[in-house]
Amino acid sequence: MKITDFIPSIDWLPKYKRSFLRGDLIAGLTVGIMVIPQGMAYGMLAELPPIYGLYASLVPVFIYTLLGTSRHLIIGATAIESLLVGSGVAQFVEIGTPEFITAVFMLTTMVGIIHLALSVFRLGYLTNFLSKPVLSGFTSALAIIIIFNQFKHLTGINVGQTTFIPSIVKELFDRIGEMNPVALVIGLVGILSLFTLKAINKKIPDALIVLSIATAAVAYFKLELTGLSILG
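Residues numbered from 1 in each chain as written. Predicted model: local features only at pLDDT ≥ 70, side-chain atom pairs only at ≥ 80, totals over all residues. Heavy atoms only, no water.

## Considerations on helix H2 (residues 20–45)
So the rule is basically this: Starting at the N terminus, helices and strands are each numbered in turn, a helix being any DSSP run of H or I of at least four residues and a strand any DSSP run of E of at least two. Multiplying 1.5 Å by the helix residue count minus one yields the expected span of that helix. Take the seven residues that end at a residue and the seven that start at it, fit an axis to each, and the angle between those axes is the bend at that residue. Working definition: with a 1.4 Å probe on protein chains only, accessible area under 20% of the residue-type maximum means buried, over 50% means exposed, and in between means partly exposed. Throughout, a residue-residue contact means that at least one pair of heavy atoms, one from each residue, lies within 4.5 Å.
Compared with an ideal rise of 1.5 Å per residue, which puts 26 residues at 38 Å, H2 spans 36 Å between its outermost C-alpha atoms and is within 8% of the ideal. Helix geometry: H2 is bent most strongly at Val 35, by close to 30 degrees, with proline Pro 37 lying one to four residues after it. Those residues of H2 lying buried are Val 35, Gly 39, Met 40, Tyr 42, Gly 43 and Leu 45. The inward-facing, buried residues of H2 abut helix H3 (50–67), helix H4 (79–89) and helix H6 (132–149). Of the residues trailing H2, Glu 47 is marked for its positive phi of about 65 degrees.

Below, the structure is given as structure tokens:
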């Protein structure tokens, strides 16, 4: 077994051509436009400050560049992982405290060590024994839970972190009077704009346009004074 089996970049990096740079820069810019808002959203989904979502989206990419074997694999946080981390750690530590962030770091470090051990001992084949119906049901259920967990941001009603959908729905109805109409309008207009721009032309950077206009509108009209939650 050669060292290049564990660090493939030793083999391909010296062969990198300057002609690749332009395409790589365009690809990096394109991915970066999506990663920044997406990463912040993943951080919030895990009940963490948005900056940690950026760390999770950017740092692993550099590590995988040196250690990875695929040029097409997407590395970084995902919605499912973020929800599992947030809801899992919240069972033991109060959300929003320094201890919560420490617990998340401990969890992600443990997972990283396990992944490294699986890689060293070539145990990736174990995934072949996972049931596809189970995985499909798992990911489909989590997608529904993620959707319902976003209603607190869409309406401005803090319903807490839970994976029990009936509890989310009940909390929303019980506290409907606390809804922030500004947050609801911005959210609905943003969703509608994303679908509209995508329907017009799939090459339009819809997420970047919606994010930029919404940010400018909040800053110009000082919408945070209406109780709208902003990242700061």
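## Considerations on the pattern of salt bridges
The condition that has to hold: By convention in these notes, a salt bridge is any Lys or Arg side-chain nitrogen within 4 Å of a carboxyl oxygen on Asp or Glu.
For the structure on display, the rule yields 6 salt bridges. For Lys 152, the salt bridge identified is with Glu 47, shortest N-O distance 2.6 Å. Of the two residues, Lys 152 is situated in helix H7 (residues 151–155) and Glu 47 in the loop between H2 and H3; the sequence distance between them amounts to 105 residues. Taken individually, Lys 152 and Glu 47 each receive the classification buried, so the pair is uniform in this respect. With a shortest N-O distance of 3.2 Å, Glu 171 and Arg 175 are connected by a salt bridge. Classification of Glu 171 by relative accessible area gives partly exposed; the value is 28%. A residue is classified by how much of its surface remains accessible, and Arg 175, at 26% relative accessible area, is partly exposed.

## Points about the nonpolar core
Note the cut-off: Side-chain atoms within 4.5 Å link the members of a nonpolar core, which is a set of buried Ala, Val, Leu, Ile, Met, Phe, Trp, Tyr and Cys residues.
Counting residues in each nonpolar core, the largest one holds 8 residues, listed as Ala 46, Leu 48, Val 85, Val 89, Val 93, Phe 100, Ala 103 and Val 104. Elements with a minimum of two residues in this core: H4 and helix H5 (98–120). Top element by residues in this core is H5. It accounts for 3 residues. Not counting residues within four places of it along the chain, the set of residues in contact with Val 89 comprises Phe 100, Ala 103, Val 104 and Leu 107. With 5 residues, the next largest nonpolar core counts Leu 45, Leu 142, Ile 145 and Ile 146 among its residues.

## Here's the deal with the packing of H4 against H5
Packed helix pairs are characterised by how far apart their axes lie and by the angle those axes make with each other. This is how it is decided: The axes are straight lines fitted to the C-alpha atoms, using for helices just the contacting stretch, and the angles between their N-to-C directions are given from 0 to 180°. Each angle gets one of four labels, with under 35 degrees taken as roughly parallel, over 145 as roughly antiparallel, 65 to 115 as roughly perpendicular, and the rest as oblique. In this scheme the crossing of two helices becomes right-handed for a clockwise turn of the near helix relative to the far one and left-handed for an anticlockwise turn of less than a right angle.
Remark: H4 packs on H5, axes separated minimally by 10 Å, with the N-to-C direction vectors making an angle of 125 degrees. In this view, H4 runs oblique relative to H5, as classed from their interaxial angle. The chirality of how H4 crosses H5 is right-handed. Along the contact surface, H4 presents Val 85, Gly 86 and Val 89, while H5 presents Phe 100, Ala 103, Val 104 and Leu 107.

## Topic: the confidence of the model for the chain
Threshold: A residue's pLDDT is the predictor's confidence in that residue, given on a scale from 0 to 100.
The share of residues in the chain with pLDDT of 70 or more is 98%, and the mean pLDDT across the chain is 88. Per-residue pLDDT, averaged within each element of the chain, yields its smallest value for helix H1 (residues 9–12) (85) and its largest for helix H9 (residues 181–200) (94).

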